[in-house]
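Results of the structural survey
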Amino acid sequence: MTDDRVDRVELVIFDCDGVLVDSERIYCRVDREVFARLGAEFTEAELVEHFVGSPQEIWTALVEERRGEPLPEDWHEPFRALYEEALDAELTVVEGVTDVLDALDVPFCLASNGSHRSIRRNLTRTGLLDRFEGRIFSAHDVARGKPAPDLFLHAAATMGVAPERCAVVEDSAYGVQAARAAGMRAFGYTGGLTRAERLSGERTVVFEDMRLLPGLLGVAA
């Protein structure tokens, strides 16, 4: 963990998968099975490095390159139930998140590369939807998802806060890159799948215990 704080935070922007809900482990496991059925074999390490937090166009291109041909239209439909069943059975809140949300004394919102449908379902599964209702932003709302800055800039503008007064909490290299590009301070959470070295860098605090976040932000009630 680095000892670095951000001053005058007026908005905390949370990623969803891997930051609020412990879903990335589930997605990676099911992804590996699904892509293998589609003729694209990946190791767990490859999935973590290239798929966690990635926009759809990036991981689609990786799968198509590995299988040697384009994915068929609506390829995901036969596998949707595999994801839903695994999430229904296993999805939990990231440890410490509810305490963090209770402790914050500034506004917060959510900005994810996922669809509004998937975001809302995962928040509902874990009892967090009421915490973020009306403050949920999806990459489907903008022209480009992470690692482009568009989504974070859209969230900040909608919430009425200047980018330099925003702090972003992310668990993926793509998300941290987007935060930096948006002129925001990034807080890279390493309590999930992503290694610290993939999140470390300029204007980024790396930490592994979510319960430390309010103190690092300096915005605890």
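Residues numbered from 1 in each chain as written. Predicted model: local features only at pLDDT ≥ 70, side-chain atom pairs only at ≥ 80, totals over all residues. Heavy atoms only, no water.

**Structural notes on the side chain of Ser23**
With respect to the helices, strands and loops of the structure, Ser23 is situated in the loop between β1 (11-14) and α1 (24-37). If we skip the residues at most four places from it in the chain, Ser23 touches Asp17, Gly18, Leu87 and Leu91. (Helix = DSSP H or I, 4+ residues; strand = E, 2+ residues; numbered from the N terminus. Contact = heavy atoms within 4.5 Å.)

**Some thoughts on the nonpolar core**
In terms of nonpolar packing, the biggest core is built from 54 residues, with Phe14, Leu20, Phe35 and Leu123 touching the most fellow members. Ranked by residues supplied to this core, first place goes to α1 with six residues. Aside from chain neighbours lying at most four places away, what touches Phe35 is Ala40, Phe42, Leu47, Phe51, Trp59, Val63 and Trp75. Ala111, Cys166, Ala178 and Ala179 belong to the second-largest nonpolar core, a separate cluster that totals 22 residues. (Core = buried A, V, L, I, M, F, W, Y, C linked by side-chain atoms within 4.5 Å. Buried < 20%, exposed > 50% of the residue type's maximum accessible area, 1.4 Å probe, protein only.)

**Quick look at the side chain of Ser54**
Looking at where Ser54 falls in the secondary structure, it is placed in the loop between α2 (44-51) and α3 (56-67). Once residues within four sequence positions are removed from consideration, Ser54 is found in contact with Trp59, Asn113 and Tyr174.

**Section: the confidence of the model for the protein chain**
Of the residues in the protein chain, 96% reach a pLDDT of 70 or more, and the chain-wide mean stands at 92. Confidence drops under pLDDT 50 across residues 1-6; counting only partners more than four residues distant or on other chains, this segment forms 19 contacts. (pLDDT = per-residue confidence, 0-100.)

**Topic: the sheet that holds strand β3 (residues 136-138)**
Taking strand neighbours across the sheet as the criterion, the six strands line up as β3-β2-β1-β4-β5-β6 in an open arrangement whose pairing is parallel. Among the strands making up the open sheet, the edge pair consists of β3 and β6 (204-207). Ignoring which end each strand starts from, the neighbouring axes of this sheet average 20° apart. Here four bridges tie β1 to strand β4 (residues 166-170), and the two strands are oriented parallel to one another. Within β4, the residue paired with Leu11 across the bridge is Cys166. Strand contacts of helix α8 (residues 150-159): β1, β2 (108-112), β3 and β4, with the helix running at about 150° to β2, the strand carrying the most contacts. Along the sheet face, helix α9 (residues 173-181) touches β4, β5 (185-189) and β6 and points at about 170° away from the line of β4. (Pairing = 2+ DSSP bridges. Axes fitted to C-alpha atoms, helices over the stretch in contact; angles between N-to-C directions.)

**Overview of the pairing of β6**
Each regular strand carries side chains that alternate between the two faces of the sheet. The side-chain alternation of β6 yields two buried faces, one formed by Thr204 and Val206 and the other by Val205 and Phe207. With four bridges joining them, β5 and β6 adopt parallel strand pairing. Looking at the pairing, Gly188 lines up with Val206 of β6.

**Concerning the packing of aromatic side chains**
The full count for this structure, using the stated rule, is 11 aromatic pairs. With a centroid separation of 5.9 Å and an interplanar angle of 80°, the aromatic rings of Trp59 and Trp75 are classed as edge-to-face. Of the two residues, Trp59 sits in helix α3 while Trp75 sits in the loop between α3 and α4 (80-90), which places them 16 residues apart along the sequence. Both residues of the pair, Trp59 and Trp75, belong to the buried class. Put simply, the rings of Phe35, Phe42, Phe51, Trp59 and Trp75 pair up and form one aromatic cluster. Positioned above the aromatic ring of Phe108, the side-chain terminus of Arg135 is 5.0 Å from the ring centre. (Phe/Tyr/Trp six-rings, centres within 6.5 Å; stacked < 30°, edge-to-face > 60°. Lys NZ or Arg CZ within 6 Å of the ring centre and 35° of its normal.)

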